[in-house]
Amino acid sequence: MAQMTYRDALKKALHDAMSEDEDVFVIGEEVGRYGGAYGVTKGLIDEFGPERLRDTPISEPAIVGTAVGAAMAGMRPVAELMYVDFIGMTMDQLCNQAAKIRYMFGGQIGVPMVLRTQGGTGRSAGAQHSQSLEAWVMHTPGLRLVMPGTVYDAYHLLRQALRQPDPVVFIEHKALYAMSEEVDLDVPPPDWGKAVVRRSGADLVIVTYSRQVHHALQAAEALAGQGVEATVIDLRTLNPLDFETIRQAVEPIGRVMVVSEGPLTAGVAAELSARITEECFDFLHDPVIRVAGEDVPISVSVALEAASVPSADLVAETARKMLA
Amino acid sequence: MGERDPKTTEGSNTDLVGLYSQMRRVRTFEERVGELFVRGLSAGSMLHLSIGEESAAVGVCAAMKDGDTFTTHHRGHGIFLARGADPERMMAEIAGKQTGYCHGKGGSMHIADMGLGHLGANAIVGGGIPAVVGAALVAQQRKTGAVSVAFFGDGAMQQGILYESMNMAALWNLPAVFVCINNQYGMGTRIDQATRATALHERAIAFGLNGETVDGLDVIAVRDAAQRIVDAARGGTPGFLAIDCYRFFGHARKDKSPYRDADEEEEGRRKDPVAFARAALVEAGHDEAELDAIDAAAVAEMDATIDFADRSEEPPLSSMFRDVFAVGEPEPEPLADRIDRVLARD
Ligand SMILES: Cc1ncc(C[n+]2csc(CCOP(=O)(O)OP(=O)(O)O)c2C)c(N)n1
Ligand SMILES: [Mg+2]
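Residues numbered from 1 in each chain as written. Chains lettered and ligands numbered in written order. Predicted model: local features only at pLDDT ≥ 70, side-chain atom pairs only at ≥ 80, totals over all residues. Heavy atoms only, no water.

Trainee: So, the overall build of chain B: which residues are in play, and what are the values?
Mentor: The number of helices and strands found in chain B is 13 helices and 7 strands. For 346 residues, the compact-globule estimate of 2.2 N^0.38 gives 20 Å, and chain B sits close to it at 21 Å. Oriented by its inertia axes, the alpha-carbon framework of chain B measures out at about 85 × 50 × 40 Å. The buried share among the 346 residues of chain B stands at 58%. Partitioning the intrachain contacts of chain B with sequence separation of at least 6 by distance along the chain shows that 72% fall at a separation of at least 24. As presented, chain B carries roughly 13,900 Å² of accessible surface, and 52% of it is formed by carbon and sulfur atoms. (Helix = DSSP H or I, 4+ residues; strand = E, 2+ residues; numbered from the N terminus. Rg over C-alpha atoms; globule rule 2.2 N^0.38 Å. Buried < 20%, exposed > 50% of the residue type's maximum accessible area, 1.4 Å probe, protein only. Contact = heavy atoms within 4.5 Å. Areas by Shrake-Rupley, 256 points an atom, 1.4 Å probe, with all protein chains shown as cover.)

Trainee: Go over the packing of aromatic side chains with me, naming the residues and quoting the values.
Mentor: Summed over all chains, the structure comprises 11 aromatic pairs over all chains. Judged by centre distance (5.5 Å) and plane angle (50°), the ring pair of A:Y83 and A:F86 falls under tilted. For the pair shown, A:Y83 and A:F86 are each scored as buried. Here the aromatic residues A:Y6, A:Y38, A:Y83, A:F86 and A:Y177 are joined through ring pairs into a cluster of three or more. A cation sits over an aromatic face here: A:R275 above A:F243, 4.4 Å from the ring centre. Lying across the ring of B:Y185, B:R260 places its NZ or CZ 5.0 Å from the centre. (Phe/Tyr/Trp six-rings, centres within 6.5 Å; stacked < 30°, edge-to-face > 60°. Lys NZ or Arg CZ within 6 Å of the ring centre and 35° of its normal.)

Trainee: Explain the site of ligand 1 residue by residue, including any values.
Mentor: Around ligand 1 sit 23 residues in total, of which A:E60, B:H74, B:R75, B:A123 and B:Y185 are the nearest. Surrounding ligand 1 are residues belonging to chains A and B, so the site spans chains. One nitrogen or oxygen atom from the side chain of A:E60 is found 2.4 Å from a nitrogen atom belonging to ligand 1. Between a nitrogen atom of ligand 1 and a side-chain N or O atom of A:H129, the distance comes to 3.4 Å. Relative to its free-state accessible area of 570 Å², ligand 1 is covered by the protein chains to the extent of 97%. Taken together, the residues of the shell around ligand 1 break down into 10 nonpolar, 9 polar and 4 charged. (Near = heavy atom within 4 Å. Polar contact = N/O pair within 3.5 Å; in protein donor to acceptor, adjacent residues only side chain to side chain. Nonpolar A, V, L, I, M, F, W, Y, C, P; charged D, E, K, R; others polar.)

Trainee: Got a sec to walk through helix 3 (residues 60–72) of chain A? Specific residues and values, please.
Mentor: All names here are of chain A. The terminal C-alpha atoms of helix 3 lie 19 Å apart, and with 13 residues this matches the ideal 18 Å at 1.5 Å per residue to within 8%. Residues E60, I63, V64, A67, V68, A70 and A71 constitute the buried set of helix 3. Residues of helix 3 that are buried sit in contact with strand 2 (24–28), strand 4 (76–80), helix 4 (91–98), helix 5 (101–104) and strand 5 (114–119). Following helix 3 by one or two positions, G74 adopts a phi angle in the positive range, close to 115°. (Expected span 1.5 Å × (residues − 1).)

Trainee: Break down the coordination of the magnesium ion (ligand 2) for me, with residues and values.
Mentor: Residue and element names in this part refer to chain B. Within the protein, the atoms that donate to the magnesium ion (ligand 2) are D154 (OD), N183 (OD1) and Y185 (O), at distances of 2.0 to 2.1 Å. Along the chain, the residues that donate to the magnesium ion (ligand 2) are spaced as D-x28-N-x1-Y. In this pair, D154 is assigned in the loop between strand 2 (148–153) and helix 6 (160–171) and Y185 in strand 4 (residues 185–186), connecting sequence segments 31 residues apart. Across the pair, Y185 and D154 agree in class, each one buried. (Donors = N, O, S within 2.8 Å, 3.2 Å for Na, K, Ca; no water.)

Trainee: Describe the domain arrangement of chain A, naming the residues involved and giving the relevant values.
Mentor: Interface size is commonly expressed as the accessible area that is lost once the parts come together. Residues and elements named next belong to chain A. Each assigned domain of chain A is listed with its residue range as follows: domain 1 (2–183) and domain 2 (196–323). Between domain 1 and domain 2, the C-alpha centre-to-centre distance is 26 Å. Listed as interface residues are 28 residues of domain 1 and, on the opposing side, 26 residues of domain 2. Roughly 2,200 Å² of surface becomes buried between domain 1 and domain 2 when both sides are summed, with 56% attributable to carbon and sulfur atoms. Applying the counting criterion to the domain 1 and domain 2 interface returns 2 salt bridges. Measuring nitrogen to oxygen at the nearest pair gives 2.8 Å for the salt bridge that ties D153 to R236. There are 18 residue pairs in polar contact (both at pLDDT 80 or more) connecting domain 1 and domain 2. Of all the secondary structure elements, the ones that give two or more residues to the side of domain 1 that touches domain 2 are helix 6 (134–138), strand 6 (144–146) and helix 7 (151–161). Looking at the side of domain 1 that touches domain 2 residue by residue, the class counts come to 13 nonpolar, 10 polar and 5 charged. (Domains from an automatic or database assignment. Buried area = accessible area lost by both parts, 1.4 Å probe. Salt bridge = Lys/Arg side-chain N within 4 Å of Asp/Glu carboxyl O.)

Below you can see the structure in the form of structure tokens.
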């Protein structure tokens with residue numbers, strides 16, 4: 001067991017993957033000399049050199065497109081986008097190229113790249129640096145989507161992502177980098193694509209991922225003090241989506257809340273809610289309740305920013321209303 | 001470039017006094033932004049100071065007219081001030097307060113004021129550039145006589161959208177101006193680590209725009225170059241101006257620039273347009289007391305901005321739902337209301 005931060009777990013995953021596989025390299029803005037805007041790649045250039053920590057100009061479409069080409073040509077690029085908000089600039093390379101190449105070309109070739117980026121609120125960074133855009137990715141066939149919420153998962157999901165045959169979008173949460181947890185990375189990880197039940201309780205199922213896992217667990221603690229026991233599922237990967245774990249938790253309980261930081265409308269929570277409603281309809285006592293970001297851009301104002309996304313309090317309060 | 005004698009050039013000393021005083025206001029404002037952050041009163045740490053770049057903001061804005069429009073990058077406080085912004089409302093915005101230009105929604109990186117032609121600062125590198133093409137297109141079609149100016153950093157020189165924008169501006173003879181404030185760095189990347197084509201204006205010339213590079217040490221030289229470029233754009237030949245300067249401090253408030261050595265920083269900070277202008281004024285016969293009074297006025301003005309920001313209210317939570325769409329359109333339903341409505345069904 002060792003105490004480790006989410007940031008250091010990500011760095012170790014890159015380090016270990018690069019040590020084991022010569023084909024793995026990192027490409028992006030400030031990933032080398034600077035060590036990454038959030039410090040994830042700090043120091044790696046000293047060990048692996050500037051070819052494998054390739055600093056780029058500020059040219060996001062070409063960064064992602066270069067990774068696509070390098071993956072097709074046989075290497076395993078990790079392209080870094082400093083903020084998920086910049087994914088809009090790269091949408092063609094990601095969604096029209098990376099996501100579709102295997103299919104369009106009749107299965108001749110895949111694009112085994114990882115696009116690492118980070119999103120979410122927590123720094124008063126405003127409307128263009130605080131978004132949760134995972135729904136844009138999840139909506140595109142051909143892309144895997146990973147959103148680690150724990151230190152252990154930051155390490156193992158990145159290692160697993162780097163073994164996938166297809167493009168993986170790996171979205172970290174900016175508010176988690178400094179989070180430190182006691183981890184034993186030698187414990188073998190769950191299979192790729194499996195969700196994990198973080199807490200079991202008989203009254204309510206909370207399905208979530210990324211930073212909201214912590215809000216859900218805090219809420220569950222608070223609720224436990226009031227006699228309400230919640231199950232908390234951490235999805236870990238949104239594509240593949242482990243619906244079986246959700247089903248097994250939902251069917252005996254029949255009450256579900258889905259929590260996501262992204263905007264409510266047509267978001268990840270909407271998809272999960274629809275799927276649960278379709279597949280577990282006969283078991284539900286109540287509608288599936290979505291707790292998600294408000295349908296508004298994120299403000300710089302500290303107060304507005306905090307109020308526009310789910311908090312532990314909101315999750316707990318909603319649970320109490322559901323069980324009232 | 002840079003080594004001009006202020007006594008023998010066309011910029012009169014009166015002009016230089018005005019330009020100096022504007023540059024001093026910008027510098028003092030930025031120093032107060034740094035203080036706002038240190039005192040924990042700013043909304044976050046993503047604050048990008050334009051210290052060392054004052055001549056770019058002040059020199060180019062001196063060549064603009066009422067009715068002209070502009071966009072800026074994330075390091076745009078100085079430009080906005082030089083176009084006439086109220087520093088108190090700016091500081092309040094940087095603190096995320098209701099009294100700020102955007103009521104706390106935009107902050108330092110997304111500040112705007114349509115009244116002053118500020119179509120918006122931008123946190124996406126290159127994101128504000130094409131809007132200038134659109135504004136210039138409207139100015140041309142409506143024959144308003146206005147120009148539209150995009151301000152951006154050297155980092156944006158490697159964004160494709162700049163070339164799409166310049167190409168269209170040239171193709172259609174638009175009154176558009178592209179101003180690259182080349183402070184040598186995009187975060188930790190020096191310009192020569194981002195491109196081999198460091199004669200930046202040549203790229204614009206290749207697309208059929210006027211293009212110049214000017215040393216930002218001398219605000220008069222910047223203003224004169226900007227005047228040429230802006231006047232030609234008003235006449236239908238869009239232009240590009242690169243202004244060489246040095247980013248005196250870190251990229252944002254938390255960056256200590258470990259990627260630059262102390263010698264380089266010392267050398268870079270010697271390219272100080274404010275000190276240069278002051279020395280030129282002294283040499284031209286202005287006495288120190290007069291210049292000290294200008295400095296003191298800037299200090300008094302900018303000190304007040306922190307108090308104003310600190311005293312101002314946070315935006316009300318209900319404002320979160322305002323301005324997603326136009327006034328009069330339905331606002332998004334708050335999450336809590338929806339949940340209550342859904343759960344109240346049975
Ligand atoms: C599209 C995009 N890519 C990356 C960033 C992160 N970023 C913010 S400022 C910056 C450097 C910009 O350098 P430059 O254009 O020279 O402006 P300066 O900061 O020097 O004023 C970077 C990489 C961003 N905000 N937007
Ligand atoms: Mg720069």
